[in-house]
Amino acid sequence: MAMASSGGSHTVFVYGSLLADDVVQALLNRLPQVSPAILNGYHRFSIKGRDYPAILPVENKKVTGRVLTGLSATELDILDMYEDDKYDKRVVDVSLLDASEVLQAYAYVWGNNTDPDLYGEWDFEEFKESKLKDYLEMTKNYVKELEDTEASLP
């Protein structure tokens, strides 16, 4: 089984806004290798008042997403900073759809499993149609602020 981190290369399972290539490109300034994958034993919830989802362990459920592979330590740090502090980064086992392979990947799992703001099922197609344009702009502004902050450090 492939590890979430090996030889300076990292693998991350994404299931929300990072399913959009444009968002990943804006954050990392490149599109890493991507493979469709399933995370068994989890459910993808909508979060009241937010455009992005959360996942939590739920028996007999599964989340369809993608794995980003070949990420550098710096790129993993960027994703860690980008993800809300309400998420915990965990190592999970994901099944690749284009190969009958299970691998370990990092995933950002919602930290509060009794959060009353979680509901239903988050829909990526709906996000793409009604939220992606504004979300992408917000992501680009976030990256610019990050770059400006780094440039001002001694």
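Structure: above.
The structure contained in this document is the topic of the report that follows. Owing to the predicted nature of the structure, the values given are computational and were not obtained by experimental measurement. (Residues numbered from 1 in each chain as written. Predicted model: local features only at pLDDT ≥ 70, side-chain atom pairs only at ≥ 80, totals over all residues. Heavy atoms only, no water.)

1. Structural notes on the environment of Ala54
Locating Ala54 in the fold gives a position in strand β4 (residues 54–71). In this structure, the C-alpha to C-alpha distance between Ala54 and Gly111, residues 57 residues apart in sequence, is 9.2 Å. When residues no more than four places from it in sequence are discounted, the contact partners of Ala54 are Tyr15, His43, Arg44, Phe45, Ile47, Tyr87, Trp110 and Leu118. (Helix = DSSP H or I, 4+ residues; strand = E, 2+ residues; numbered from the N terminus. Contact = heavy atoms within 4.5 Å.)

2. Some points on the pattern of salt bridges
The tally for this structure, following the rule as stated, stands at 7 salt bridges. In this structure, Asp21 and Arg66 form a salt bridge, with 2.8 Å as the shortest nitrogen-oxygen distance. Taken together, the residues span a long stretch of sequence, with Asp21 in helix α1 (residues 21–28) and Arg66 in strand β4 at a distance of 45 residues. Given the relative accessible area of 34%, Asp21 is considered partly exposed. Where Lys131 meets Asp51, a salt bridge forms, and the shortest distance between an N and an O atom there is 3.7 Å. Pair noted here: Lys131 is in the loop between α3 (124–130) and α4 (132–152) and Asp51 is in the loop between β3 (33–47) and β4, with a separation of 80 residues, a long-range link. (Salt bridge = Lys/Arg side-chain N within 4 Å of Asp/Glu carboxyl O. Buried < 20%, exposed > 50% of the residue type's maximum accessible area, 1.4 Å probe, protein only.)

3. A short note on the packing of aromatic side chains
Overall, the coordinates contain 8 aromatic pairs when judged by the stated rule. Here the aromatic rings of Tyr87 and Trp110 are separated by 4.9 Å at their centres, their planes lie at 85°, and the arrangement is edge-to-face. With Tyr87 in strand β5 (residues 87–96) and Trp110 in strand β6 (residues 102–110), this pair connects stretches of sequence that are 23 residues apart. One exposure class covers both Tyr87 and Trp110, and it is buried. With 6.1 Å between their ring centres and 40° between their planes, Trp122 and Phe124 make a pair best called tilted. Grouping residues by exposure puts Trp122 and Phe124 together as buried. The ring of Tyr106 has Lys89 sitting right over it, with the charged end atom 4.7 Å from the ring centre. (Phe/Tyr/Trp six-rings, centres within 6.5 Å; stacked < 30°, edge-to-face > 60°. Lys NZ or Arg CZ within 6 Å of the ring centre and 35° of its normal.)

4. With respect to the pairing of β6
Most of β6 is tucked away: 8 of the 9 residues are buried. Two elements, β5 and β6, share 9 bridges in a ladder whose sense is antiparallel. By the bridge assignment for β6, Ser95 is matched with Val102. Counting the residues in the hairpin turn of β5 and β6 gives 5 residues. (Pairing = 2+ DSSP bridges.)

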